[in-house]
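A structural walkthrough
Chain by chain, the residues:
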Amino acid sequence: MVPAAREGYCDPAMRVLVIGSGGREHALAWKLAQSPEIGEIFCAPGNPGIASHATCLPIGASDTVELADFAEKMKVDLTVVGPELPLTLGLADELAKRQLPVFGPNKLAAELEGSKVFSKSFMKKYGIPTADAEVCVTRAEAKTALRKIGVPCVFKVDGLASGKGVVVVQSAEEAERALKLFFDERVFGSAGDRVLVEQFIAGEEVSFMVLCDGERAIPLATAKDYKRVFDGDRGPNTGGMGSHSPSVLLDAPTSRDVLTDIVHPTLQGMSEEGRPFRGVMFVGLMLEGGMNPYVLEYNVRFGDPETQSVLIRMEDDLLPYLVGSARGSFEPDARPVWKKEAGACLVLTAEGYPGRFEKGRPITGVEAAEADDGVFVFHSGTAHNGDGKLVTSGGRVMGVCARAKGLSEAIRKAKGAAAKISFEGKHHRTDIGARAMELLLERTGSGLS
């Protein structure tokens, strides 16, 4: 493994700055540290897990000018932006202005995630399959939209809400609660100045990520994310409770359809709009009837926790793909190689998440969990207390990931490793991968994938 940055290091190998502090950024730093082209990795602000691979900096992910100043001063060869907020604030623009290479879209292109209203109108304009929706700014408008669309339906805030600004409404009573939440209590603040009331599409939800250089798209391995906090897809939405790769639900013909009917028209449309897209495009899909893909949302960055289960399966070097995207030109034959194994991720959360939760609870057992072959623990909401001990500092505390020959074995290993980690109030879903396993058993009679 490439060591963390050290004083006096002068090798001509690349310097990379990773922006963010979650499990996604830990997985990115872990994977990038394996590249023979890497000399130094910095991460702002990072976390205790990331510190094993990079020099962590006391700079916030949204401190645009300070981040660009650091990258310029240290002659950083590539900045990799993890979260969506810095992108919507224009970090890529600030870096590009200083002629510093960056992996991630500029502010205009990042509006594909930054505004649900923009992305919905964009999809309608370019014929990309998505659910019908009404844009509402008042309770009265939302009630009118409800009468038109009916229940079930979906309420979505226009702006960024850390993956929590979506509520599925199944009844008149739930509709009234949603109206109160979005318009009376305004729990999402300015992100909810505009609200989409959207047609509900039943089916299987999957994640499809592609690397883009403005014109071309290179698919990553498919994955499935689990958003609800409790087993059986119950409870409120979270930033993600677990994932597995491959998704199992998305077969090869449908993946080709997604590229042809969704990804390529999106790239072309964004160019026509003067918003050429470079970076990773995350397409959240609903497979109606298990096969007809509709776009639920776009993200303009790696999904989390999908990135964790995907990157542990990546055979070759990630760095050249990120560099090609930043330069606006992939190598002609660029195509990632994937291990013939499955990856699974269980997210351990703090008690009370996604609502209020306590911080500072001691964490034990991480080293024991990582001692298992094929197990990887990616930190998200962790910190060191005054005594240097590892404690919880966020709602999603860490992702416990495992890689194995089949999905059933990967899930079993991840659960076994998660059981070795302890902190007061620890919670995780126990049914990650259950639906995929049902499909695998139907198709093959085994949990191999």
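Conventions we followed
- Residue positions within a chain follow its written sequence, with the count starting from 1.
- Note on the predicted model: pLDDT of at least 70 is required for a residue's local features to be given, and 80 or more for side-chain atom pairs to be given and counted; whole-chain, interface and lining totals, by contrast, use all residues.
- Water and hydrogen atoms were dropped before computing side-chain values, which therefore reflect all heavy atoms in the structure.
- For two strands to pair, DSSP has to find at least two bridges joining them.
- Every helix listed is a DSSP run of H or I at least four residues long, and every strand listed is a run of E at least two residues long, numbered separately from the N terminus.
- Any two residues whose heavy atoms approach within 4.5 Å are treated as being in contact.
- Angles shown run from 0 to 180 degrees and are taken between the N-to-C directions of axes, each axis being a line fitted to C-alpha atoms and, for helices, limited to the stretch in contact.
- For every residue, the accessible area (1.4 Å probe, protein chains only) is compared with the maximum for its type, and the residue is labelled buried under 20%, exposed over 50%, or partly exposed between those bounds.
- Two aromatic rings from Phe, Tyr or Trp, using only the six-membered ring of Trp, form a pair when their centres are within 6.5 Å; if the ring planes differ by under 30 degrees the pair is stacked, by over 60 it is edge-to-face, and anything between is tilted.
- Two thresholds decide whether a charge sits over a ring: the Lys NZ or Arg CZ must be within 6 Å of the ring centre and within 35 degrees of the ring normal.
- Using a 1 Å grid laid over the protein atoms alone, points where a 1.4 Å probe fits but cannot get out form a cavity; open sets with protein on both sides within 12 Å along at least 5 of 7 lines form a pocket; any residue with an atom within 4 Å of a point counts as lining.
- Grid points are joined across faces, edges and corners, and a volume is the space filled by probe spheres set on the points.
- Gly counts as polar in this scheme, as do all residues outside two lists: the nonpolar Ala, Val, Leu, Ile, Met, Phe, Trp, Tyr, Cys and Pro, and the charged Asp, Glu, Lys and Arg.
- When an angle is under 35 degrees it counts as roughly parallel; over 145 it counts as roughly antiparallel; between 65 and 115 it counts as roughly perpendicular; any other value is oblique.
- The handedness criterion is simple: a crossing whose near helix is rotated anticlockwise from the far helix by less than a right angle is left-handed, and one whose near helix is rotated clockwise is right-handed.
- One speaks of a salt bridge when a side-chain nitrogen belonging to Lys or Arg is within 4 Å of a carboxyl oxygen belonging to Asp or Glu.

Time to look at the sheet that holds strand β4 (residues 78-81). Sheet architecture is open: five strands sit in the order β3-β2-β1-β4-β5, paired in parallel fashion. The open sheet has two edge strands with one neighbour each: β3 (55-56) and β5 (102-103). Relative to β4, strand β1 (residues 14-20) is paired through four bridges, and the arrangement is parallel. Bridge assignment links Val 18 to a residue of β4, and that residue is Val 80. Its contacts with the sheet put helix α1 (residues 23-32) on β1, β2 (38-45) and β4, and the angle it makes with β1 is roughly 165°.

Attention now moves to the sheet that holds strand β15 (residues 242-245). If you walk across this open sheet you meet the five strands as β12-β15-β18-β22-β19, and the pairing is antiparallel. With partners counted over all chains shown, the strands left at the sheet margins are β12 (224-225) and β19 (375-379), one partner each. As defined by bridge partners, strand β18 (residues 342-349) adjoins strand β22 (residues 396-404) across eight bridges and the pair is classed as antiparallel. In the sheet register, Leu 348 faces β22, and the bridge partner there is Met 398. Helix α13 (residues 407-418) contacts β15, β18, β19 and β22 of the sheet and is inclined by roughly 30° relative to β18.

Here we take up the pairing of β19. The buried fraction of β19 amounts to five of the five residues, a majority that puts the element mostly inside the structure. Of the two faces of β19, both are covered, the one formed by Val 375, Val 377 and His 379 as well as the one formed by Phe 376 and Phe 378. As judged from the five bridges shared by β19 and β22, these two strands associate in the antiparallel manner. Each residue of the ladder has a partner; that of Phe 378, found in β22, is Gly 399.

In this section: the side chain of Glu 25. You can see Glu 25 is positioned in helix α1. Setting aside anything within four residues of it in sequence, one finds Glu 25 in contact with Val 18, Ile 19, Gly 20, Ile 50, Gly 82 and Pro 83.

Below, the discussion takes up unusual backbone geometry. Omega for the peptide link from Ala 44 to Pro 45 comes to -5°, which places this bond in the cis form. Geometrically, the link from Asp 304 to Pro 305 is a cis peptide bond, its omega value of 25° lying close to zero. With a phi close to 55°, Lys 75 is a non-glycine residue in the positive phi region. Of note, Lys 75 is situated in the loop between α2 (64-73) and β4. By relative accessible area, which is 64% here, Lys 75 ends up exposed.

Once that is clear, we can look at the packing of aromatic side chains. Taken as a whole, this structure holds nine aromatic pairs when the rule is applied. Note on Phe 42 and Phe 70: the rings are 5.1 Å apart at their centroids and 80° apart in plane angle, and the pair reads as edge-to-face. Pair noted here: Phe 42 is in strand β2 and Phe 70 is in helix α2, with a separation of 28 residues, a long-range link. Phe 70 carries the same exposure label as Phe 42, and that label is buried. Here the aromatic cluster, defined as three or more aromatic residues joined through ring pairs, consists of Trp 30, Phe 376 and Phe 378. Positioned above the aromatic ring of Tyr 226, the side-chain terminus of Lys 224 is 5.0 Å from the ring centre.

Applying the stated rule across the entire model yields three cavities of 30 Å³ or more. In this model, the largest cavity occupies a volume close to 60 Å³. Contributing to the lining of the largest cavity are Glu 205, Val 206, Ser 207, Asp 225, Lys 227, Phe 282, Gly 284, Glu 297 and Glu 306. Where the lining of the largest cavity is concerned, the elements lending two or more residues are β10 (203-213) and β16 (278-288). The leading source of residues in the lining of the largest cavity is β10, at three residues. Here the residues of the lining of the largest cavity sort into two nonpolar, two polar and five charged. Counted as a void, the second largest cavity has a volume near 50 Å³. Around the second largest cavity, the lining residues are Lys 116, Ser 119, Lys 120, Met 123, Lys 156, Leu 196, Glu 198, Leu 296 and Glu 297. Sorting elements by how many residues they give to the lining of the second largest cavity places helix α6 (residues 116-125) first, with four residues. Looking at side-chain class alone, the lining of the second largest cavity contains three nonpolar, one polar and five charged residues.

Time to look at the packing of α13 against helix α14 (residues 434-444). Between α13 and α14, the shortest axis-to-axis distance is 10 Å and the interhelical angle comes to 150°. As judged from the angle between their axes, α13 and α14 are roughly antiparallel. In the crossing of α13 with α14, the sense of the turn from one axis to the other is left-handed. In contact with Leu 407, Ser 408 and Ile 411 of α13, α14 contributes Ala 436, Met 437 and Leu 440. Counted by class, the contact of α13 with α14 contains five nonpolar, one polar and no charged residues.

A word on the pattern of salt bridges. With the rule as written, the count across this model stands at 31 salt bridges. Note that Lys 124 is salt-bridged to Asp 132, the shortest N-O span being 2.6 Å. Close ionic contact of Glu 204 with Arg 435 constitutes a salt bridge, the shortest N to O distance being 2.7 Å. Residue Glu 204 is located in strand β10, and its partner Arg 435 is located in helix α14; the two are separated by 231 residues in the primary sequence.

Our focus in this paragraph is α6. By the criterion of burial, α6 is predominantly enclosed, with seven of the ten residues buried. Lys 116, Val 117, Phe 118, Ser 119, Lys 120, Phe 122 and Met 123 are the residues of α6 that are buried. Against α5 (107-114), β6 (133-136), β7 (153-157), β9 (195-199), α9 (252-272) and β17 (292-299) lie the buried residues of α6. Positive phi shows up at Gly 127, right after α6, with a value of about 65°.

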